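Chain and residue survey
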Amino acid sequence: MSILNPHFSKRLISWYLDNKRDLPWRKTVSPYHIWLSEIMLQQTRVAQGLPYYLKFINAYPTVQDLANSPEDEVLKLWQGLGYYSRARNLHATAKMVTEDMNGVFPDNYKNLLKLKGVGEYTASAIASICFNEPQAVVDGNVYRVLSRVFGISTPINKGNGPKEFKILAQQLIDKKQPGTFNQAIMEFGARHCVPRNPDCNSCIFNDSCVAFQKNEVEELPVKIKAKPVKKRYFNYLVVLSENENTILKQRIGKGIWHKLYEFPLVETSEEVDIEDLKNLPQFQDFSENLDIRSISLFNEEAVVHKLSHQHLYTRFWIIETPKGSQADIPISEINNYAVPVLIENFVSEFFENY
DNA sequence: AACCCGGGGAT
DNA sequence: ATCCCAGGGTT
């Protein structure tokens, strides 16, 4: 017999009050601050998101400040945090709240869901924490805690798995303190019921946890495996003019790093040498109106930039041009542009002693 | 329903 | 290497 509501929530919240971390967004119920923290923490660890949260509330004390900032500036502050659609949607929502909603966030789950970048999880988090609405959150922590404590082997990322867990979480939530319950179950998953080697012997649920009793803790939750990563081959064309200018392009359309900046890119299906590169139509388009004095390869060994779903084998080609070429961005100003970490790493290495 | 979207930390 | 992280949008 598994643990029943309300014993589950009482035990959980008691644990939380004794063990919760002291985090800045736990000192407020301001929808702007809670919303900002929740967007940043999507698929992102607290330790990684925290410095960005502090940067943002410092740069943008209010939603109006965020709305009035140029998108490029928001992306620059977001640089390095990944999943950049979050930053674009964040900015769009700030403008919507400021311009169309009189600067006031929606105060309930249903209307919060209408905001760009706010899905079921985030709407539930804001509604429960800021407005005391009993909407249960279901994130990676919740899947893990519930699948183990209740011995549920339904895959969390297939079919009606998500719905099944949402229903259970909704049955368990403490309707008098939904925000505390939601944060408690996530904190418990993050700090105690961890993915690997959890300390079940000291767990508050070890008298009732189905997975512990059946020795299935390591098998839960069940998750369908992702497809293997794709390999891609990037050749960045790093222009260096005699007067120390370069060329940056903003990425457009679909795909990774939308709206971030990078050097002109030639993608190939495999690694290429300098002669292959020169014969590629993309390179010929690039060099059409460019007076190239020399081309040299910066890194013989490709830099492998690893994303969740693709590995980018990257080589940087240094292309020297005379003064007054098309290169229009002073090298010293590259740092003003939002660039992928891959580019940032190259820039800091290459130009460190330039 | 399947696929795409980053970067980093833990094991 | 592999897994996972306070998920959401698009197709």
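1. Section: the overall build of chain A
In terms of regular secondary structure, chain A is built from 15 helices and nine strands. On the principal axes, the C-alpha backbone points of chain A span a range of 75 × 50 × 35 Å. Counting over 354 residues, chain A shows a buried share of 49%. A separation of at least 24 residues holds for 68% of the contacts in chain A among residues at least 6 apart in sequence. In the structure as shown, chain A presents an accessible area of about 18300 Å², 47% of it carried by carbon and sulfur atoms.

2. Focus on the pairing of strand β5 (residues 265-268)
Only one face of β5 is buried: it carries Val-266 and Thr-268, and the other face, with Leu-265 and Glu-267, is open. Here four bridges tie strand β1 (residues 230-241) to β5, and the two strands are oriented antiparallel to one another. Each residue of the ladder has a partner; that of Tyr-233, found in β5, is Thr-268.

3. Quick notes on the protein's contact with DNA strand C
Neighbouring DNA strand C are 28 residues, the closest being Leu-41, Gly-117, Thr-122, Asp-139 and Arg-144. Protein-adjacent atoms of DNA strand C, using a 4 Å cutoff, are sugar or phosphate at a proportion of 67%. In this structure, a phosphate oxygen belonging to DNA strand C sits 3.5 Å away from a main-chain N or O atom of Glu-120. Among the elements of the structure, α8 (120-131), α9 (140-149) and α11 (178-191) are those that each provide at least two residues to the surface near DNA strand C. Taken together, the residues of the surface near DNA strand C break down into seven nonpolar, nine polar and 12 charged.

4. Thoughts on the side chain of Gln-310
For Gln-310, the location among the structural elements is in strand β8 (residues 310-321). Of note is the side chain of Gln-310, whose polar atom sits 2.6 Å from the side chain of Arg-232. Not counting chain neighbours up to four residues away, the residues in contact with Gln-310 comprise Val-229, Lys-230, Arg-232, Ile-256 and His-305.

5. A few points about the nonpolar core
Among the nonpolar cores identified, the biggest contains 61 residues, and Trp-35, Phe-56, Trp-78, Trp-257, Phe-263 and Phe-346 are the most heavily contacted of them. No other element matches the six residues that helix α2 (residues 31-40) contributes to this core. The residue makeup of this core includes at least three contributed by each of domain 1 (7-219) and domain 2 (230-350). Contacts of Trp-78, omitting those with residues within four sequence positions, involve Ile-39, Met-40, Tyr-52, Phe-56, Tyr-83, Tyr-84, Arg-86, Ala-87 and Leu-90. The next biggest cluster of nonpolar side chains, apart from the first, holds 37 residues, and it includes Tyr-121, Ala-136, Leu-146 and Phe-150.

6. Quick word on a negative patch on the surface
Together, Glu-270, Asp-273, Glu-275 and Asp-276 make up a negatively charged patch on the protein surface. Considering the arrangement of structural elements, one finds Glu-275 in helix α13 (residues 274-279).

7. Observations regarding the packing of aromatic side chains
If you walk through the whole model with that rule in mind, you get 24 aromatic pairs. Geometrically, the ring pair formed by Trp-35 and Phe-105 is tilted, given 5.1 Å between the ring centres and 50° between the ring planes. One end of the pair, Trp-35, is in helix α2; the other, Phe-105, is in the loop between α6 (85-100) and α7 (109-112), and 70 residues separate them in sequence. Here the two residues Trp-35 and Phe-105 agree in accessibility, since each one is buried. Taken together, a centroid distance of 4.9 Å and an interplanar angle of 90° make the contact between Phe-350 and Phe-351 edge-to-face. Looking at Phe-351, the relative accessible area reads 13%, which means it is buried. Ring pairs connect the aromatic residues Phe-234, Tyr-236, Trp-257, Phe-263, Phe-298, Phe-316, Phe-346, Phe-350 and Phe-351, which therefore count as one cluster.

8. Structural notes on the pattern of salt bridges
Evaluated as defined, the whole model comprises 11 salt bridges. The shortest N-O distance in the salt bridge between Arg-315 and Glu-300 comes to 3.7 Å. Of this pair, Arg-315 sits in strand β8 while Glu-300 is found in the loop between β6 (294-297) and β7 (303-306), placing the two residues 15 residues apart along the sequence. In this structure Arg-315 comes out as buried when scored by relative accessible area, which is 5%. Put simply, Arg-21, Arg-26 and Glu-187 are held in one network by salt bridges that share partners.

9. Observations regarding the environment of Val-239
Position of Val-239 relative to the elements: it lies in strand β1. Taking C-alpha positions, Val-239 is 60 Å from Cys-209, a pair spaced 30 residues apart along the chain. Contacts of Val-239, omitting those with residues within four sequence positions, involve Asn-245, Thr-246, Ile-247, Phe-286, Leu-290, Ile-319, Thr-321 and Ala-327.

10. A few points about the domain arrangement of chain A
We note that the domain assignment places domain 1 (7-219) and domain 2 (230-350) within chain A. With centres defined by C-alpha atoms, the gap from domain 1 to domain 2 works out at 38 Å. Residue-level contacts link nine residues of domain 1 with 14 residues of domain 2. On the domain 1 side of the interface with domain 2, the three residues burying the most area are Lys-76, Gln-79 and Tyr-84, jointly 48% of the side's total. Between Lys-259 and Glu-71 there is a salt bridge, with its nearest N and O atoms 3.0 Å apart. The interface formed by domain 1 and domain 2 includes seven residue pairs in polar contact (both at pLDDT 80 or more).

Conventions and cut-offs
Along each chain, the written sequence defines residue order, and numbers are assigned to residues from 1. Each chain takes a letter, starting from A, and each ligand takes a number, starting from 1, following the order in which they are written. With the structure being a predicted model, the display of local features is reserved for residues of pLDDT at least 70 and the display and counting of side-chain atom pairs for 80 or more, all residues being used for whole-chain, interface and lining totals. Hydrogens are left out, water is left out, and the side-chain values use all remaining heavy atoms of the structure. Under the scheme used here, helices are H or I runs from DSSP no shorter than 4 residues and strands are E runs no shorter than 2 residues, and both carry numbers assigned from the N terminus. Categorising residues by exposure relies on relative accessible area from a 1.4 Å probe, with only protein chains included: less than 20% of the type maximum marks a residue as buried, more than 50% marks it as exposed, and the intermediate range marks it as partly exposed. Whether two residues are in contact is decided by their heavy atoms: any pair within 4.5 Å suffices. Exposure was quantified through the Shrake-Rupley algorithm and a 1.4 Å probe, taking into account, for residues, occlusion by the shown protein chains and nothing else. When DSSP finds two or more bridges between two strands, those strands count as paired. Nearness of a residue to a molecule or strand requires only that one of the residue's heavy atoms be within 4 Å of it. N or O atoms within 3.5 Å of each other form a polar contact, as long as, within protein, one can give a hydrogen and the other can take it, and as long as residues adjacent in sequence are counted only when both atoms are side-chain atoms. Three classes are used, and their members are as follows: Ala, Val, Leu, Ile, Met, Phe, Trp, Tyr, Cys and Pro are nonpolar, Asp, Glu, Lys and Arg are charged, and the others, Gly among them, are polar. Side-chain atoms within 4.5 Å are what join buried Ala, Val, Leu, Ile, Met, Phe, Trp, Tyr and Cys residues into a set we call a nonpolar core. An automatic or database domain assignment supplies the residue ranges for each domain. Patch definition: residues above 30% relative accessible area lacking any salt bridge, with like charges linked at up to 9 Å and the nonpolar side chains Val, Leu, Ile, Met, Phe, Trp and Tyr linked at up to 5 Å. Note on definitions: salt bridges are taken to be side-chain nitrogens of Lys or Arg within 4 Å of carboxyl oxygens of Asp or Glu. Working convention for charge: Lys and Arg count positive, Asp and Glu count negative, and His plus the chain ends are omitted. Lys charges are placed at NZ, Arg charges at CZ, Asp charges at CG and Glu charges at CD. In this analysis, rings of Phe, Tyr and Trp, with Trp reduced to its six-membered ring, are considered paired at centre separations within 6.5 Å, and the interplanar angle assigns stacked below 30 degrees, edge-to-face beyond 60, and tilted for intermediate values. Defined in terms of a 1.4 Å probe, buried area is the accessible area two parts forfeit on being brought together, summed over both.

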